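Per-entry structural report
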Amino acid sequence: MLKASALYIVIIIALVIGITCSALIAAAYFYQAQYQLKFRHDRLQNNMDSGIHILLNNQDTSYQLPQRLSLFGNGSDSAMLQKYPWGAFDIGMVKTFDHRDTMLRMFSIASTVDSASWPVVYLIDEDRPLSLSGKTSLVGDARLPKAGVKTAYVDNQSYNGDEQLVKGHIRDSERQLPQLSGERLELIARLFRQPLTATQGLSRQAETTRSFKSPTWVIRLDKEAVMLQNTRLSGNIILYSDTTVTIDNTASLRNVIVVARAISVKSGFRGNCQLYATDSLSVGQDCHFSYPSCLGIFRDSSSAIGLPEKLSLGENSSCEGLVFTYEKQQSKLPAVISLSKHVLISGQVYSQGILSLKEGVSILGGTMTSRFLYQNGFTAYENYLINVRMDAKALSPYYLSSPLSPSAGGPQRILQWLE
């Protein structure tokens, strides 16, 4: 005869078997759900990669407005694509979706460098040679006047650099610089034609961030001179001013565009931004513009003040990106880029007019100019390089160039992930 306690044992065993079976069923359901989720995620990711590939290989304006398309024609693999200009660069947006599942990426786009048009120095031919003095170093292929390159004795010092004056191949230059991209110049010109009313006022908050998924904030500053200080601006923001904008070292700008008649950056500033001015752009000492930044003087009309435009960087400052000047109508007094002692440029310098260099300047990348200028306390020397380092091979192989530059001719790549 079975004991009465056996009934309890049977019930417990049945309960354990039931819980085990329920757990197995739940695990199987959970596994299937996770498998389907992973499958959908992989599918969206593949569609995302396809959309990014389409934008990177598209060179026209067909995606300037968002476009929805079926990637493989079956209606289930849908994507929303957009590609629009952001100053010297482009912004790409790819959104893929399948029923309720979506995936979105925002990124900036730039071009690889065309090595055939990437000289360490491009100096136009004005029937004068390029003269080197002190510890000047030129590494990379160069485009120089037919008069060539020679050594010189300046400021009580002779040339004491490498015996090979240019460590690379030398080819003859033309009488005009290679042109900046006309299409990109027109896009930058539109930045100066902002609407009379702002879409957003300058916030008094300490930090303002605007997503690139949202419409651009165009902040029209007061007609009086404005100083940006004790603020952090990041993302899809354009600051526009008819007069002078001063950027204090207490301000932080990330991926922001500033457009003004004159821009002054105080010493000690740190940021990543694009600054465009029509008259002057002055950067103080010990400033650092991280990659990818762009500093430019842009003028598509004749000067109203009769003075040359000037872009200057103070001592020990650095910029990773593009530094340029452009005049649609060349004036009698050409625009000047002035680099003070120990300035470091990692990228490209394009001076349509004069490039003034002090001792200790280093340009890791490429330089294009109509004329070099060196000034001491008594004399000005044209087409002289004194204690200057220019090295095209020292620039990172991952450097991407703005489509504005004449050296941008290779495939487009992702510059940075924004969101």
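These figures come from a predicted structure and were not determined experimentally.

**Looking at the packing of aromatic side chains**
Summed over the entire model, instances satisfying the criterion amount to ten aromatic pairs. With a centroid separation of 5.6 Å and 45 degrees between ring planes, the pair formed by Tyr-291 and Tyr-399 is classed as tilted. Of the two residues, Tyr-291 is situated in strand S20 (residues 288–299) and Tyr-399 in the loop between strand S28 (389–391) and strand S29 (408–417); the sequence distance between them amounts to 108 residues. Aromatic ring contacts, followed pair by pair, group Trp-118, Tyr-291 and Tyr-399 into a single cluster.

**A short note on the sheet that holds strand S27 (residues 384–386)**
A sheet is described by the order of its strands in space; here three strands give the open sequence S9-S6-S27, paired in parallel fashion. Both edges of this open sheet fall to strand S9 (149–151) and S27, since each of them pairs with a single strand only. On average, each strand axis in the sheet is tilted by 25 degrees relative to the strand beside it, whichever way the strands run. Summarising the sheet, strand S6 (residues 130–133) and S27 pair through three bridges and their orientation is parallel. Paired with Ser-133 across the two strands is Ile-386, which belongs to S27.

**Looking at the sheet that holds strand S1 (residues 67–70)**
Judged by pairing direction, the sheet is antiparallel, and its five strands sit side by side in the order S1-S2-S3-S4-S29 without closing on themselves. At either end of the open sheet lies a strand with only one pairing partner, and these are S1 and S29. For this sheet, the mean inter-axis angle between neighbouring strands, taken without regard to orientation, is 30 degrees.

**Focus: the pattern of salt bridges**
A full pass over the atoms with the stated rule returns 15 salt bridges. Of the charged contacts in the structure, one is a salt bridge between Arg-184 and Asp-90, with a shortest N-O distance of 3.0 Å. Here Arg-184 is found in helix H2 (residues 182–191), whereas its partner Asp-90 is found in strand S3 (residues 89–98), with 94 residues between them in sequence. Its relative accessible area of 7% is what places Arg-184 among the buried residues. When the shortest N-O distance is used, the salt bridge between Asp-127 and Arg-175 registers 2.9 Å. Of this pair, Asp-127 sits in the loop between strand S5 (121–123) and S6 while Arg-175 sits in the loop between strand S11 (170–172) and H2, placing them 48 residues apart in sequence. Using a relative accessible area of 54% as the deciding quantity, one classes Asp-127 as exposed. The network of salt bridges with shared partners includes Glu-126, Arg-128, Arg-371 and Glu-382.

**Remarks on the environment of Thr-112**
Summarising the element assignment, Thr-112 is placed in strand S4 (residues 101–113). On the accessibility criterion, Thr-112 (19% relative accessible area) is buried. Put simply, Thr-112 and Pro-403 are 291 residues apart on the chain and 9.0 Å apart in space, counted from C-alpha to C-alpha. Apart from the residues lying within four places of it in its own chain, the contact partners of Thr-112 are Leu-400, Ser-407, Ala-408, Gly-409, Gly-410, Pro-411 and Arg-413.

**Some thoughts on a nonpolar patch on the surface**
Residues Tyr-8, Ile-12 and Val-16 make up a contiguous nonpolar surface patch of about 340 Å² in total accessible area. Here Tyr-8 lies in helix H1 (residues 5–56). Taking the relative accessible area as the measure of exposure, Tyr-8 reaches 58% and is therefore exposed.

Conventions adopted
Residues numbered from 1 in each chain as written. Predicted model: local features only at pLDDT ≥ 70, side-chain atom pairs only at ≥ 80, totals over all residues. Heavy atoms only, no water. Phe/Tyr/Trp six-rings, centres within 6.5 Å; stacked < 30°, edge-to-face > 60°. Helix = DSSP H or I, 4+ residues; strand = E, 2+ residues; numbered from the N terminus. Pairing = 2+ DSSP bridges. Axes fitted to C-alpha atoms, helices over the stretch in contact; angles between N-to-C directions. Salt bridge = Lys/Arg side-chain N within 4 Å of Asp/Glu carboxyl O. Buried < 20%, exposed > 50% of the residue type's maximum accessible area, 1.4 Å probe, protein only. Contact = heavy atoms within 4.5 Å. Patch = residues over 30% accessible without salt bridge, like charges linked within 9 Å, V, L, I, M, F, W, Y side chains within 5 Å. Areas by Shrake-Rupley, 256 points an atom, 1.4 Å probe, with all protein chains shown as cover.

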